[in-house]
Structure formats: C-alpha cells, structure tokens
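Residue-level listing of the chains:
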Amino acid sequence: MTTNTADPYGAQAHARAMAGTKVESMPTLPPWEAEALPAGVAPQDMLWAETIAPGGYGAKRLSRGARVRLTDLQGDACASVLVFNAECPVERLNVADTVKVQWNAYLGEGRLLLSDMGRVLMSLVEDGAATHDAFCGASNRASNARKYGEGDNWGPHPNARDRFALAVAKFGLGRKDIHPCINLFKGVRIASDGAVQPHVGPFEPGRTVTLRAEMEVIFVLANCPHVADPRPDYRVTPLRVDAWRGPVTAEDDPIRNATPEGRRAFLNVEDYYRR
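Summary of the structure given here. Just so it is clear, the model here is predicted, and its values are computed rather than measured. (Residues numbered from 1 in each chain as written. Predicted model: local features only at pLDDT ≥ 70, side-chain atom pairs only at ≥ 80, totals over all residues. Heavy atoms only, no water.)

1. Brief notes about the overall build of the chain
Stage number 1. Broken down by element type, the chain carries five helices and 13 strands.
Stage number 2. For the chain, the spread of C-alpha atoms along the principal axes amounts to about 70 × 45 × 35 Å.
Stage number 3. Taking all 275 residues of the chain together, 48% fall into the buried category.
Stage number 4. Taking all contacts inside the chain whose residues are at least 6 apart in sequence as the whole, residues at least 24 apart take part in 72%.
Stage number 5. Here the chain has roughly 13,100 Å² of accessible surface; of this, 53% comes from carbon and sulfur atoms.
Stage number 6. Between the centroid of the 32 positive side chains of the chain and the centroid of its 33 negative side chains there is a distance of 3 Å. (Helix = DSSP H or I, 4+ residues; strand = E, 2+ residues; numbered from the N terminus. Buried < 20%, exposed > 50% of the residue type's maximum accessible area, 1.4 Å probe, protein only. Contact = heavy atoms within 4.5 Å. Areas by Shrake-Rupley, 256 points an atom, 1.4 Å probe, with all protein chains shown as cover. Lys, Arg positive; Asp, Glu negative; His and termini not counted. Charge placed at Lys NZ, Arg CZ, Asp CG, Glu CD.)

2. Here we look at the layout of surface pockets
Stage number 1. Taken as a whole, the largest pocket encloses approximately 440 Å³ of empty space.
Stage number 2. Around the largest pocket, the lining comprises 17 residues; the ones closest to its centre are Lys22, Thr28, Ala34, Glu35 and Arg240.
Stage number 3. Of the residues assigned to the lining of the largest pocket, the class counts are six nonpolar, four polar and seven charged.
Stage number 4. Reported here for the second largest pocket is a volume of approximately 170 Å³.
Stage number 5. Looking at the second largest pocket, it is lined by 13 residues, and the ones nearest its centre are Pro27, Trp48, Glu50, Ala59 and Lys60.
Stage number 6. Looking at the lining of the second largest pocket, the elements with two or more residues in it are β1 (46–52) and β2 (57–62).
Stage number 7. Looking at the lining of the second largest pocket residue by residue, the class counts come to eight nonpolar, two polar and three charged. (1 Å grid on protein atoms, 1.4 Å probe; cavity = no way out; pocket = protein on both sides within 12 Å on 5 of 7 lines; lining within 4 Å. Points joined across faces, edges and corners; volume = space filled by probe spheres on them. Nonpolar A, V, L, I, M, F, W, Y, C, P; charged D, E, K, R; others polar.)

3. Concerning the state of the cysteines
Stage number 1. Scanning the entire structure with this criterion turns up zero disulfides.
Stage number 2. Take Cys181: it sits in no disulfide, and the sulfur closest to it among the cysteines is that of Cys78, at 7.8 Å.
Stage number 3. A residue is classified by how much of its surface remains accessible, and Cys181, at 2% relative accessible area, is buried. (Disulfide = S-S within 2.5 Å.)

4. Considering the side chain of Asn153
Stage number 1. In this fold, Asn153 is placed in the loop between α3 (141–148) and α4 (160–169).
Stage number 2. On the accessibility criterion, Asn153 (7% relative accessible area) is buried.
Stage number 3. For Asn153, the side chain forms a polar contact with the main-chain oxygen of Asp162, separated by 3.1 Å.
Stage number 4. One polar contact links Asn153 to Arg163, side chain to side chain, over a distance of 2.7 Å.
Stage number 5. Look past the residues within four positions of Asn153 in its chain and what remains in contact with it is Pro158, Asp162, Arg163 and Leu166. (Polar contact = N/O pair within 3.5 Å; in protein donor to acceptor, adjacent residues only side chain to side chain.)

5. Examining the packing of aromatic side chains
Stage number 1. In this structure the tally under the stated criterion is four aromatic pairs.
Stage number 2. Aromatic side chains Tyr148 and Tyr234 sit 5.2 Å apart centroid to centroid with 75° between the ring planes, which places their arrangement in the edge-to-face category. Taken together, the residues span a long stretch of sequence, with Tyr148 in helix α3 and Tyr234 in the loop between β12 (217–223) and β13 (239–244) at a distance of 86 residues. Tyr234 carries the same exposure label as Tyr148, and that label is buried. (Phe/Tyr/Trp six-rings, centres within 6.5 Å; stacked < 30°, edge-to-face > 60°.)

6. Structural notes on empty space enclosed by the protein
Stage number 1. If you walk through the whole model with that rule in mind, you get two cavities of 30 Å³ or more.
Stage number 2. Along its surface, the largest cavity is lined by Arg64, Glu214, Val248, Thr249, Phe266, Val269 and Glu270.
Stage number 3. Here the lining of the largest cavity is composed, by residue class, of three nonpolar, one polar and three charged.
Stage number 4. A volume near 30 Å³ is recorded for the second largest cavity.
Stage number 5. In terms of lining residues, the second largest cavity is bounded by Ser143, Asn144, Lys147, Tyr148, Pro225, His226 and Val227.
Stage number 6. Partitioned by chemical class, the residues of the lining of the second largest cavity number three nonpolar, three polar and one charged.

7. Comments concerning the pattern of salt bridges
Stage number 1. One pass over the structure, following the stated rule, counts 18 salt bridges.
Stage number 2. The partner of Arg119 in a salt bridge is Glu91, and the shortest N-O contact between them spans 3.0 Å. Linking Arg119 in the loop between β5 (112–114) and β6 (120–127) with Glu91 in the loop between β4 (79–85) and α2 (95–101), this pair joins segments that are 28 residues apart in sequence.
Stage number 3. For Arg119, a relative accessible area of 14% translates into the label buried.
Stage number 4. Since its relative accessible area comes to 1%, Glu91 is described here as buried.
Stage number 5. Linking Arg231 and Asp229 is a salt bridge whose minimum nitrogen-to-oxygen distance equals 2.8 Å. Just as Arg231 is buried, Asp229 falls in that class too.
Stage number 6. Here the salt bridges share partners, and the residues they tie into one network are Asp76, Lys186, Asp229, Arg231 and Arg235. (Salt bridge = Lys/Arg side-chain N within 4 Å of Asp/Glu carboxyl O.)

Here's what the structure looks like:
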C-alpha cells in the first residue's frame with residue numbers, strides 16, 4: 001500500500017509507520033537498549049549509544065567521570081573532536097596548550113585534552129588506534145570544494161566545520177565558538193624537514209579509543225574525511241559512539257600523576273569543583 005504524504009493524514013500515517021525502523025547510522029534510545037553494551041557496563045549507566053554516518057555529526061553533554069568509547073567500525077572513520085566546559089562553554093579545548101604543556105605533539109593513551117584555563121577536560125585512557133592528529137584541524141567548505149567540487153552542508157561532501165556549526169547550535173553556541181579540533185583515527189606525522197605526512201588508512205576495522213571526562217563537558221564529533229586526506233574521493237565510514245557513567249578520577253590515578261604538568265592540571269580541576 002502506498003501512502004500519500006502530500007496529505008497531512010497520509011504524512012502522519014507514514015511517519016507513525018516508521019516507528020521501530022532501524023538503519024545503520026542512528027542513535028539508540030534509550031541507550032541501554034543498544035545491541036552490544038560495553039563489557040562490564042550496567043545498562044542503567046549507559047548515557048549515549050549512536051552510530052554516526054559518514055559525513056555526520058553527534059554531540060552530548062557528559063557528566064564528570066563519564067567514559068566515551070569511539071569505534072572505527074570499518075576502518076575509515078575520522079572523529080574530529082571539540083570539547084567544552086558544559087557549565088561555562090567559554091572554556092574549551094586548547095590544542096596548542098594540549099601539545100605544549102605535555103611536551104608532545106602526538107596524542108595517545110595517557111595524554112590529556114587541556115582547556116584554555118589550564119584544566120583537564122578529558123583524558124585518553126585507552127588507545128587502540130595510535131593514529132591521531134593535533135596539527136591540521138577540521139575541513140571546511142572551501143577545502144572540500146577544492147577537493148570534491150562542492151563542500152556545503154547540504155550536498156554529498158559535507159565538511160567538518162559546518163557539521164560542528166550544527167552540533168554546537170544545539171547548546172546555544174555559534175560559529176565563533178568553534179575552536180581548533182583534534183582528529184582521532186586519522187594521523188599526521190611531521191617529517192624532519194617540516195613536511196606534513198598524513199596517515200589516513202584505511203585501517204583495520206574495529207579500532208577503539210576511550211576517553212574519560214574529567215569535567216562536565218559538551219563533547220562534539222564530526223565524521224568527515226580528514227582535511228589532509230590525499231585520496232580524490234570522499235572516503236569516510238561509520239563511527240560508533242558509546243558513553244557511560246563512571247567514577248571521578250581518584251587522587252592515585254596513574255594518568256593524573258604521570259607528570260608534574262598533568263598533575264597540576266588535575267589540581268586545577270579539583271579546585272574548580274571544590275564548592
């Protein structure tokens with residue numbers, strides 16, 4: 001039977017008939033009904049379960065202590081990430097300080113994502129990918145247009161910056177709030193002569209990265225091709241996101257105490273929440 005969706009009643013009937021439909025890329029609501037929960041996580045602790053489509057985006061406000069596991073399902077996802085202090089979004093990820101304070105430009109397990117106020121927004125507690133990028137930032141409309149012929153939000157080649165704009169708008173933020181991002185699952189190395197060497201795969205499917213929220217954060221993702229991807233085609237595959245409640249980082253946590261600089265950033269967080 002066909003439904004005339006030009007008629008309001010027909011459109012209503014069609015919309016209601018879609019209830020329960022599942023597609024490859026969509027959020028699971030409630031999140032504890034996801035098909036495969038992270039090992040050891042109680043259903044009631046699930047906060048977010050979503051598969052982000054190629055060219056898609058996602059965003060969530062996460063409580064302090066929450067864990068976020070990202071999975072590159074098919075080996076060609078690119079998770080471009082923004083992070084904000086949820087209580088005061090003028091505080092946000094500072095990629096330059098993240099690199100400078102830790103004396104290391106390459107992200108990996110045990111590294112911290114630092115804010116522009118000297119606090120730890122998130123920690124990388126598990127890294128099964130080892131190909132990340134803190135140099136190149138996000139693709140934009142112009143960069144995608146040069147590579148693919150068009151790059152606006154509504155065509156077949158959406159860019160990360162425009163996807164960020166849609167995501168942050170859900171929290172009352174605008175384009176002026178879109179800060180430099182990090183890219184997970186797509187790596188960049190700097191050669192001895194200063195040349196940028198992209199490592200974009202495709203890689204083995206199923207690689208994961210797990211982050212821990214050290215503050216209450218707004219966590220934003222865009223899943224668009226890396227801006228330095230040399231391939232001529234728009235190549236990106238679905239990205240899985242699972243988030244769940246977890247304990248606030250303890251004083252004896254090894255990541256917290258790994259370096260004097262990191263410990264100071266954690267002390268700044270603890271002072272912020274000392275109320």
